[in-house]
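Coordinate inspection notes
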Amino acid sequence: MMEIEIDRSSGFCFGVVNAIESAERELEKGVNLYCLGDLVHNSLEMERLKRLGLQTINHDDLSAFEERTVLLRAHGEPPSTYGIAARNRIKIVDATCPVVLKLQRRIYDCHQEMKNSDGQLVIYGKKGHAEVNGLVGQTGGAAIVVEKPEDLEKLDFSREITLFSQTTKPLDGFREIVGMIRARTKEGVRFRYFDTICRQVSNRLPKVKAFASRHDWVYFVAGQKSSNGKMLFEECRKSNPHTVFISATSEIKGPLPSGVRRVGVCGATSTPKWLMEEVAARIKALNG
């Protein structure tokens, strides 16, 4: 008999749960609520929220708005967004993740501290990611974003460097960047680094790898836009080559190969539990 298990450590992180609950509270009051960008990188969850009344806008829309209610998602926003809201008398429902908010303040303070020096403030993160845009905004655009080792060519290793990390980047990648900067920094030049990676997110990596290795077959459930999902899926696949990425139950087309007895269902920090439960039910229905 086939055993189907849902990974208990998968699903929304605290920041996403807080943002969704904030949206639901406002919508229950009958508020016309607009979210600046996708609240969560999962199309099915976004469809559910849309049915409740949530409307998604972009930054151009925000500039044209006046006297409306706008929710800021967990990723956070740069100071310029708050400035636009103030000028246009927009009510902000701020659902920025507390971990991200703390990091924004640290980067702002560090930038102010470094203004009178010749130092470089560096952020290890994904270029163009909403969280990174918010972090860079704390420095007035002065921060240097490093996404991969090749990006280190942007740095001047004869000048002071202070490094932070996007909260959702992998810990191993951060340590690699730290080691490469340390090796290239000129003697006597100050190099500081701060591990600002969210442990609720980073700790999922070893857990999801262990989960995948315990099963004959794994369905990894995540939205196509989820950076966290893509990273965790690749790690799952390293632990278990019989790992399949899906975004919806409709992508499961038929019964699994004979001999598969233990099936795992896991996902990203942006994957709703209800979707993983639907996937598990679909697997059961197709495999007797």
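Conventions adopted
Residues numbered from 1 in each chain as written. Predicted model: local features only at pLDDT ≥ 70, side-chain atom pairs only at ≥ 80, totals over all residues. Heavy atoms only, no water. Core = buried A, V, L, I, M, F, W, Y, C linked by side-chain atoms within 4.5 Å. Buried < 20%, exposed > 50% of the residue type's maximum accessible area, 1.4 Å probe, protein only. Helix = DSSP H or I, 4+ residues; strand = E, 2+ residues; numbered from the N terminus. Contact = heavy atoms within 4.5 Å. Pairing = 2+ DSSP bridges. Right-handed = clockwise from strand over helix to strand, strands pointing away. Salt bridge = Lys/Arg side-chain N within 4 Å of Asp/Glu carboxyl O. Axes fitted to C-alpha atoms, helices over the stretch in contact; angles between N-to-C directions. Parallel < 35°, antiparallel > 145°, perpendicular 65-115°, else oblique. Left-handed = near helix turned anticlockwise from the far one by under 90°. Nonpolar A, V, L, I, M, F, W, Y, C, P; charged D, E, K, R; others polar.

1. What to know about the nonpolar core
Core analysis: the largest hydrophobic core is formed by 19 residues, its most contacted members being Leu33, Leu39, Leu49, Leu54 and Leu71. Sorting elements by how many residues they give to this core places helix α1 (residues 14-28) first, with five residues. Residues within four places of Leu54 in sequence aside, it is in contact with Leu27, Leu33, Tyr34, Cys35, Leu39 and Leu49. Judged by nonpolar contacts, the second largest core, of 16 residues, contains Val146, Ile177, Ile181 and Ile197.

2. Some points on the pairing of strand β10 (residues 217-221)
Burial analysis of β10 places five of its five residues in the buried class, which makes it a mostly covered element. Across the two faces of β10 the burial is the same, with Trp217, Tyr219 and Val221 and Val218 and Phe220 all buried. Two strands pair when backbone bridges link them, and β10 and strand β12 (residues 262-267) are joined in this way by five bridges, in the parallel orientation. Looking at the pairing, Trp217 lines up with Val263 of β12. Pairing analysis gives four bridges linking β10 to strand β11 (residues 243-246), with the strands arranged parallel. Across the sheet, the residue bridging to Val221 is Ile246, located in β11. Handedness of the crossover joining β10 and β11 through helix α10 (residues 227-239) is recorded here as right-handed.

3. A short note on the pattern of salt bridges
Where charged atoms from two side chains of opposite charge approach closely, those side chains can pair. Counting across every chain of the model gives 21 salt bridges. Note that Lys29 is salt-bridged to Glu26, the shortest N-O span being 3.3 Å. What makes Glu26 buried here is its relative accessible area of 9%. Residue Arg237 is joined to Glu234 by a salt bridge in which the shortest nitrogen-to-oxygen separation is 2.9 Å. With Arg237 and Glu234 both in helix α10 and three residues apart, this pair spans about one turn of that helix.

4. Examining the environment of Pro255
Summarising the element assignment, Pro255 is placed in the loop between β11 and β12. Overall, Pro255 belongs to the exposed group, its relative accessible area being 60%. Sequence separation of Pro255 and Ile283 is 28 residues, and the distance between their C-alpha atoms is 7.5 Å. Sequence-distant contacts of Pro255, defined by excluding residues within four places in its chain, comprise Leu286 and Asn287.

5. What to know about the packing of α1 against helix α2 (residues 43-52)
Axis separation between α1 and α2 bottoms out at 10 Å; the angle between their running directions is 20°. With respect to each other, α1 and α2 are oriented roughly parallel. In this structure, α1 meets α2 at a crossing whose hand is left-handed. Contacts between α1 and α2 involve Ile20, Glu24 and Leu27 from the first element and Glu45, Arg48, Leu49 and Leu52 from the second. For the contact of α1 with α2, the per-class residue count stands at four nonpolar, no polar and three charged.

6. Overview of the sheet that holds strand β9 (residues 191-193)
On the basis of which strands lie adjacent, the open sheet formed by four strands has the order β7-β6-β8-β9 and parallel pairing. Whereas interior strands pair on both sides, the edge strands pair on one side only; in this sheet they are β7 (144-146) and β9. In this sheet, adjacent strand axes meet at a mean angle of 25° when their direction is disregarded. In this structure, strand β8 (residues 161-165) lies alongside β9, joined through three bridges in parallel fashion. Paired with Leu163 across the bridge in β9 is Tyr193. Its contacts with the sheet place helix α5 (residues 98-114) against β6 (120-124), β8 and β9, and it is angled at close to 170° to β8.

7. What about the sheet that holds β12?
Reading across the sheet, the four strands line up as β1-β12-β10-β11 and stay open at both edges, with parallel pairing between neighbours. Looking along the sheet, the strands with just one partner apiece sit at the ends: β1 (3-6) and β11. Shown here is a sheet whose adjacent strand axes are inclined to one another by a mean of 20°, direction ignored. Where β1 and β12 come together, four bridges link them in parallel fashion. Looking at the pairing, Ile6 lines up with Val265 of β12. Here α10 sits on the sheet and contacts β10, β11 and β12; the angle it forms with β11, its principal contact strand, is near 160°. Packed on one face of the sheet, helix α11 (residues 273-286) meets β1, β10, β11 and β12 and runs near 155° to β12.

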